[in-house]
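Now for the letters of each chain:
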Amino acid sequence: MAHSNHNHIIAALQNAYPFDDKSTTLLDFACGKGLISRGLAPYCKRIVAVDRLQTSVDFFEERVHNQGIPEDELHVVCAELQGHDSELDGEKFDVVVCSAAYHHLESIEATTGVLAFFLKPGGYLLVVDFMTSDKAIPEDVPHRFGFSKDQICAAFEGAGLIEVDFEQLSSARFHGQTVDLFLARGKKSS
Ligand SMILES: C[S@@+](CC[C@H](N)C(=O)[O-])C[C@H]1O[C@@H](n2cnc3c(N)ncnc32)[C@H](O)[C@@H]1O
C-alpha cells in the first residue's frame, strides 16, 4: 500500500481510540515493515510489533535501532502467535491493531480469537482491511475479494468481543486496484 494510505489509516485509528503516550500499550499484529507502528509510536507508551516474516521484522528492527528508539518503547518480534500465556512474556495490551493483513489469513475467525486473547479486559481490537467487491485483487491470498461487514462482525462476536462497530473509510489504491477500506472495532469485556 502507498504511504498516503497509511497516513489515512493512522488518522482513522487515532479517531477510533483515545491513544495516550503516557499509558497506551499497543500490539501491532502483522506489522510488516512497521509503517503503522511508526505512525502510532508518538501516541503510545509502548508498542510490541509482530510479524511472521523474518525479512520484514529485520528491516523494521534495523530502522528502530538506527533511530535509537529504546526496546521497551518499540519491540519487534518474529512469531506466528497462537494465543498462549507463554507468548509475548504473557503481556496483554490496551489496543491490538491489524492493518491490511486479514485478507492474508487462512481463518479470520481463529486469528480474531488469538488477537482478542492478547487484549486486556476493556481493551480494543482495531482491524483495517478492504471491503467486498466483485473484482478480486491480483494476489494469491485466501480473501482476494475482501470482506463484508457481516463476516467481520461475526468473527469479532465469535471471539467474544462486544460493542462491535464497522466503519467504511475512503477508498485506497491496493495492488493496482481501487478498493474501499473499512475499520472494525470491538471491545473485550471488562
Ligand atoms: C500487506 S502486509 C501489511 C503490513 C502492515 N500491517 C501495514 O499495514 O503496512 C501483511 C503482513 O501480514 C503478515 N502476516 C500474515 N499472516 C500473518 C500471521 N498469521 N502472523 C503474523 N503475520 C502475518 C505478513 O507477513 C505481512 O507482513
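Residues numbered from 1 in each chain as written. Predicted model: local features only at pLDDT ≥ 70, side-chain atom pairs only at ≥ 80, totals over all residues. Heavy atoms only, no water.

### Here's the deal with the UniProt feature "domain: Methyltransferase type" (unreviewed entry) in the protein
Under the present numbering, the feature "domain: Methyltransferase type" (unreviewed entry) in UniProt falls on residues 27–127. The span residues 27–127 is 29% helix and 30% strand, and its two end C-alpha atoms sit 12 Å from each other. (UniProt positions renumbered as here; feature names shortened; annotations may be inferred. Helix = DSSP H or I, 4+ residues; strand = E, 2+ residues; numbered from the N terminus.)

### Digging into a negative patch on the surface
A grouping of Asp58, Glu61, Glu62, Glu71, Asp72 and Glu73 is seen on the molecular surface, where their side chains present a negatively charged patch. Within the secondary structure layout, Asp72 lies in the loop between α3 (54–66) and β3 (74–78). (Patch = residues over 30% accessible without salt bridge, like charges linked within 9 Å, V, L, I, M, F, W, Y side chains within 5 Å. Areas by Shrake-Rupley, 256 points an atom, 1.4 Å probe, with all protein chains shown as cover. Salt bridge = Lys/Arg side-chain N within 4 Å of Asp/Glu carboxyl O. Lys, Arg positive; Asp, Glu negative; His and termini not counted. Charge placed at Lys NZ, Arg CZ, Asp CG, Glu CD.)

### Concerning the nonpolar core
Judged by nonpolar contacts, the single largest core of 34 residues is most densely connected at Leu13, Phe19, Leu26, Leu40, Val97, Leu126 and Leu183. Setting aside residues up to four positions removed in sequence, Val97 forms contacts with Leu13, Leu26, Leu27, Asp28, Phe29, Ile36, Leu40 and Leu126. With 31 residues, the next largest nonpolar core counts Phe93, Met131, Ala155 and Ala184 among its residues. (Core = buried A, V, L, I, M, F, W, Y, C linked by side-chain atoms within 4.5 Å. Buried < 20%, exposed > 50% of the residue type's maximum accessible area, 1.4 Å probe, protein only. Contact = heavy atoms within 4.5 Å.)

### Considerations on the packing of helix α4 (residues 108–117) against helix α5 (residues 149–158)
Where α4 contacts α5, the axes come no closer than 8 Å and their chain directions differ by 45 degrees. In terms of orientation, α4 lies oblique with respect to α5. Where α4 crosses over α5, the handedness of that crossing is right-handed. Of α5, the residues touching α4 (which contributes Ile108, Glu109 and Thr112) are Gln151, Ile152, Ala155 and Phe156. (Axes fitted to C-alpha atoms, helices over the stretch in contact; angles between N-to-C directions. Parallel < 35°, antiparallel > 145°, perpendicular 65-115°, else oblique. Left-handed = near helix turned anticlockwise from the far one by under 90°.)

### Points about the pattern of salt bridges
For the structure shown, the criterion picks out five salt bridges. Arg52 is paired through a salt bridge with Glu80; the nearest N and O atoms lie 3.2 Å apart. Placement of Arg52 in the loop between β2 (46–51) and α3 and of Glu80 in the loop between β3 and β4 (93–99) is noted, with a sequence separation of 28 residues between them. The exposed category is assigned to Arg52, whose relative accessible area is 53%.

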